[in-house]
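Here is how the chains run, residue by residue.
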Amino acid sequence: VQFERAMIEAMVEDRPHQATSALNDALSASLPPRELMARLADVSARVFQMAPHETPTLEHFRNAHILEDTIDRLEPLIEDEVGGGRDTVVLGNAWLDYHDLGRRIVATALRAAGYRVIDLGLSVSNDRFVEVAIAEGASVIGVSALLLHTARHLPELREALARRGHSDIKIIAGGAPFLVDPGLSERYGIDGVGRDPAGAVRLVDELCAQRRTLHGGLQ
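The structure contained in this document is the topic of the report that follows. Bear in mind that the values here come from a model prediction, so they are computed numbers and not experimental data.

### Considering the overall build of the chain
Secondary structure summary: the chain contains eleven helices and five strands in total. Taking 2.2 N^0.38 as the reference for a compact globule, 219 residues should give roughly 17 Å; the C-alpha atoms of the chain span a radius of gyration of 18 Å, in line with that estimate. Overall, the chain is about 50 × 40 × 25 Å in size when its C-alpha atoms are taken along their principal axes. Taken over 219 residues, the chain has a buried fraction of 47%. A fraction of 72% describes how many contacts in the chain between residues 6 or more apart in sequence connect residues 24 or more apart.

### What to know about helix 1 (residues 2-12)
The periodicity of an α-helix, 3.6 residues per turn, causes residues three or four places apart in sequence to face the same way. Regarding helix 1, the residues found buried are Phe3, Glu4, Ala6, Met7, Ile8, Ala10 and Met11. Phi for Asp14, located one or two positions after helix 1, is positive at around 55°.

### Describing the environment of Val43
By secondary structure assignment, the location of Val43 is in helix 3 (residues 33-50). Here the alpha-carbon distance between Val43 and Met7, two residues 36 residues apart in the chain, equals 7.1 Å. With sequence-adjacent residues up to four places away left out, Val43 is seen in contact with Glu4, Met7, Ile8 and Met11.

### Some thoughts on the side chain of Asp87
By secondary structure assignment, the location of Asp87 is in the loop between helix 4 (57-74) and strand 1 (88-93). Asp87 gets classed as buried once you look at its relative accessible area, which sits at 13%. There is a polar contact of 2.7 Å between the side chain of Asp87 and the side chain of Ser139.

### A word on the nonpolar core
The biggest cluster of nonpolar side chains holds 42 residues, and the ones touching the most others in it are Phe3, Leu110 and Val204. Setting aside its immediate chain neighbours within four residues, Phe3 contacts Ala22, Leu23, Ala26, Leu36, Arg39 and Leu40. With 24 residues, the next largest nonpolar core counts Val90, Val130, Leu154 and Ile169 among its residues.

### Thoughts on the packing of aromatic side chains
This structure, assessed with the given rule, holds one aromatic pair. Look at Phe178 and Tyr188: their rings are 6.5 Å apart centre to centre, the planes differ by 80°, and that puts the pair in the edge-to-face class. Separated by ten residues along the polypeptide, Phe178 in helix 9 (residues 176-180) and Tyr188 in the loop between helix 10 (184-187) and strand 5 (192-193) bring together distant segments of the chain.

### Re the pairing of strand 2 (residues 116-119)
For a regular strand, side-chain orientation follows a simple rule: the groups alternate between the two sheet faces. Where strand 1 meets strand 2, four bridges bridge the pair, whose relative direction is parallel. Within the sheet, the bridge partner assigned to Thr88 lies in strand 2 and is Arg116.

### Quick notes on the sheet that holds strand 1
The parallel open sheet is built from five strands, whose spatial order is 2-1-3-4-5. The open sheet has two edge strands with one neighbour each: strand 2 and strand 5. Sheet topology places strand 1 next to strand 3 (residues 140-144); five bridges connect them, and they run parallel. What sits directly across from Val89, in strand 3, is Val140. Sitting on the sheet, helix 5 (residues 101-112) touches strand 1, strand 2 and strand 3, and the angle it makes with strand 1 is about 170°. The strands touched by helix 11 (residues 197-214) are strand 1, strand 3, strand 4 (170-174) and strand 5; relative to strand 4, the strand with the most contacts, the crossing angle is about 170°.

### With respect to a nonpolar patch on the surface
A contiguous nonpolar patch, built from Trp95, Leu96, Tyr98 and Leu122 and spanning about 400 Å² of accessible area, is present on the exposed surface. Among the secondary structure elements, Tyr98 is positioned in the loop between strand 1 and helix 5.

### Quick notes on the pattern of salt bridges
Side-chain pairs of opposite charge can arise where the charged atoms are in close proximity. Taken as a whole, this structure holds twelve salt bridges when the rule is applied. Note that Arg103 and Asp119 form a salt bridge whose closest N and O atoms lie 2.7 Å from each other. One end of the pair, Arg103, is in helix 5; the other, Asp119, is in strand 2, with 16 residues separating them in the sequence. Here Arg158 makes a salt bridge to Asp191, at a shortest N to O gap of 2.6 Å.

Cut-off values and rules
Residues numbered from 1 in each chain as written. Predicted model: local features only at pLDDT ≥ 70, side-chain atom pairs only at ≥ 80, totals over all residues. Heavy atoms only, no water. Helix = DSSP H or I, 4+ residues; strand = E, 2+ residues; numbered from the N terminus. Rg over C-alpha atoms; globule rule 2.2 N^0.38 Å. Buried < 20%, exposed > 50% of the residue type's maximum accessible area, 1.4 Å probe, protein only. Contact = heavy atoms within 4.5 Å. Polar contact = N/O pair within 3.5 Å; in protein donor to acceptor, adjacent residues only side chain to side chain. Core = buried A, V, L, I, M, F, W, Y, C linked by side-chain atoms within 4.5 Å. Phe/Tyr/Trp six-rings, centres within 6.5 Å; stacked < 30°, edge-to-face > 60°. Pairing = 2+ DSSP bridges. Axes fitted to C-alpha atoms, helices over the stretch in contact; angles between N-to-C directions. Patch = residues over 30% accessible without salt bridge, like charges linked within 9 Å, V, L, I, M, F, W, Y side chains within 5 Å. Areas by Shrake-Rupley, 256 points an atom, 1.4 Å probe, with all protein chains shown as cover. Salt bridge = Lys/Arg side-chain N within 4 Å of Asp/Glu carboxyl O.

Below is the structure:
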């Protein structure tokens, strides 16, 4: 409880040094890094859920930066466990889309929730999304598109996955076009839209659970 309280205060009050101290104290008390990562996921969800919808993007970024620094310190301390990891999510901006802040925040929230995140960065082609998702055994592809003319590449992404026999890989999207026009996701063949970091994590949780059910738990 003390770790969670200190981390929440650090993020809400913009105190990165407090987050560092909280982690140092927890590790000094011999708390397992994997347990701390799970508790950090809870902190992440609580902070992002506490933020009102009109919260400035800069504030989300500040919170994500503090969270990311803590995750970066924890990850090397966690030994790989056979079957212990969660699903893989491939993220990237749609082709010719260069607005990366929202994607980076969602990537951090997913990592805090325990997902293996492969961030392909800006202006990612559909072929690149498909190749990496298949090669890495991804359950979900997340595409950020701030503008309608970049979001229009998404129907072709669904088609490209189908041609390769991987229609089971879920596609989620984020960005203004999908918030302005709620019907766009259905027309573009998207499995869901993340409205904020916490919402994106919940959506990925749901889709990964559906995919495991589809595969009979044999993934």
